[in-house]
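The residues making up each chain are set out below.
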Amino acid sequence: MSTSVEPLGIAGAFLIKPEIYPDERGHFLELFQQRAVAGPAGGPMPVAQVNCSVSRRGTIRGVHSRTVPPGQARYVTCVSGAILDVVVDIRVGSPTFGRHVTVALDQYARHAVYIPEGLGHAFAPLSAEATVVYLCSTPYDPTGEITINPLDPELALPWAASPRILSEKDAKAPTLREAEAAGLLPVYAEGALTGA
């Protein structure tokens, strides 16, 4: 089975396009292929946890990441509905620090986004409701969580005007510059990641 992988505008992040095989019963695809991820990611992605999130229109989840090490790579796909998926470079010293890329993910194309350790991730439903499944390379650990305010005006992430439904934690999160000044972000140095 064939899966195509396309780099996104931030080093290490890429779009995965699995081949879909339709027939009279419906369709089949390989949602995740280790071999498709391992090459571009520089090695296999361990899967320590699989999360499922159901969100209604107006919800914004993120911007989330994990401290490095160990960090947390994510493989994100939308299994029902549609979302705007956003990857933010929060690595201090990266040539694309503070930039973001967006990808529409939906239940029809079945595309996925690979997000390596050190990048921030957020998403919002484009449909009335959306179900997102994401594989994580490390288990959830609240002590290592990094949260950036998704409404940070400097990031200018392209969310719908209203409504905007955020968790209290995300709404109170620092801006990218505030998190940088507080030493909360991973550091990018000659292609390697270190803790702040």
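These numbers were taken from a predicted model, which means no experiment stands behind them.

Caption draft 1: A look at the overall build of the chain. The secondary structure content of the chain amounts to 3 helices and 15 strands. Compactness check: the chain gives a C-alpha radius of gyration of 16 Å against a globular reference of 16 Å for 196 residues, within 12% of the reference. In terms of its C-alpha atoms, the chain occupies a principal-axis envelope of roughly 55 × 40 × 30 Å. Split into buried and exposed, the 196 residues of the chain put 46% on the buried side. Across the chain, the fraction of contacts at a sequence separation of at least 24, relative to all contacts at a separation of at least 6, is 77%.

Caption draft 2: Structural context of the pattern of salt bridges. Taken as a whole and assessed by the stated rule, the structure comprises 8 salt bridges. The shortest N-O distance in the salt bridge between Glu168 and Lys172 comes to 2.8 Å. According to the relative accessible area criterion, Glu168 is exposed, its value standing at 56%. Under the relative-accessibility criterion, Lys172 is labelled exposed at 64%. One salt bridge in this structure joins Glu180 and Arg177, with 3.2 Å as the shortest N-O distance. Here Arg177 and Glu180 lie together in helix H3 (residues 176-181), a separation of 3 residues that amounts to about one turn. A cluster of three or more residues bridged by salt bridges with shared partners is formed by Glu154, Arg177 and Glu180.

Caption draft 3: Broad picture of the layout of surface pockets. Computed from the structure, the largest pocket encloses a volume of approximately 360 Å³. Together, 25 residues line the largest pocket, and His64, Arg74, Tyr134, Glu145 and Lys169 are the ones closest to its centre. Among the elements of the structure, strand E5 (49-56), strand E6 (61-66), strand E11 (119-125), strand E12 (129-136) and helix H2 (168-171) are those that each provide at least two residues to the lining of the largest pocket. Sort the elements by how many residues they give to the lining of the largest pocket and E6 lands first, with 5 residues. In terms of residue class, the lining of the largest pocket is built from 9 nonpolar, 10 polar and 6 charged. The space that makes up the second largest pocket amounts to roughly 180 Å³. Looking at the second largest pocket, it is lined by 14 residues, and the ones nearest its centre are Gly58, Ala124, Pro125, Trp159 and Ala160.

Caption draft 4: Geometry of the UniProt feature "active site" (unreviewed entry) in the chain. Residues given the UniProt feature "active site" (unreviewed entry) here are His64 and Tyr134. Annotated residues spanning 71 residues; largest pairwise C-alpha distance 13.0 Å, indicating a single compact cluster. Lining residues of the largest pocket, restricted to the annotated ones just named, are His64 and Tyr134. With respect to the element layout, His64 can be found in strand E6. Sequence-distant contacts of His64, defined by excluding residues within four places in its chain, comprise Arg74, Leu119, Gly120, His121, Glu145, Ile146, Thr147, Lys169 and Asp170. Here Tyr134 lies in strand E12. Excluding residues that lie within four positions of it along the chain, Tyr134 makes contacts with Gln49, Val50, Asn51, Ser53, Arg74, Tyr75 and Val76.

Caption draft 5: Structural detail: the nonpolar core. Grouped together as the largest cluster of nonpolar side chains are 18 residues, with contacts concentrated most on Ile83, Val87, Leu105 and Val113. Dropping the residues within four chain positions of it, Leu105 is found in contact with Leu15, Val76, Thr77, Cys78, Gly81, Ala82, Ile83, Asp85, His111, Ala112 and Val113. Judged by nonpolar contacts, the second largest core, of 17 residues, contains Phe97, Ile146, Leu157 and Leu185.

What counts as what
Residues numbered from 1 in each chain as written. Predicted model: local features only at pLDDT ≥ 70, side-chain atom pairs only at ≥ 80, totals over all residues. Heavy atoms only, no water. Helix = DSSP H or I, 4+ residues; strand = E, 2+ residues; numbered from the N terminus. Rg over C-alpha atoms; globule rule 2.2 N^0.38 Å. Buried < 20%, exposed > 50% of the residue type's maximum accessible area, 1.4 Å probe, protein only. Contact = heavy atoms within 4.5 Å. Salt bridge = Lys/Arg side-chain N within 4 Å of Asp/Glu carboxyl O. 1 Å grid on protein atoms, 1.4 Å probe; cavity = no way out; pocket = protein on both sides within 12 Å on 5 of 7 lines; lining within 4 Å. Points joined across faces, edges and corners; volume = space filled by probe spheres on them. Nonpolar A, V, L, I, M, F, W, Y, C, P; charged D, E, K, R; others polar. UniProt positions renumbered as here; feature names shortened; annotations may be inferred. Core = buried A, V, L, I, M, F, W, Y, C linked by side-chain atoms within 4.5 Å.

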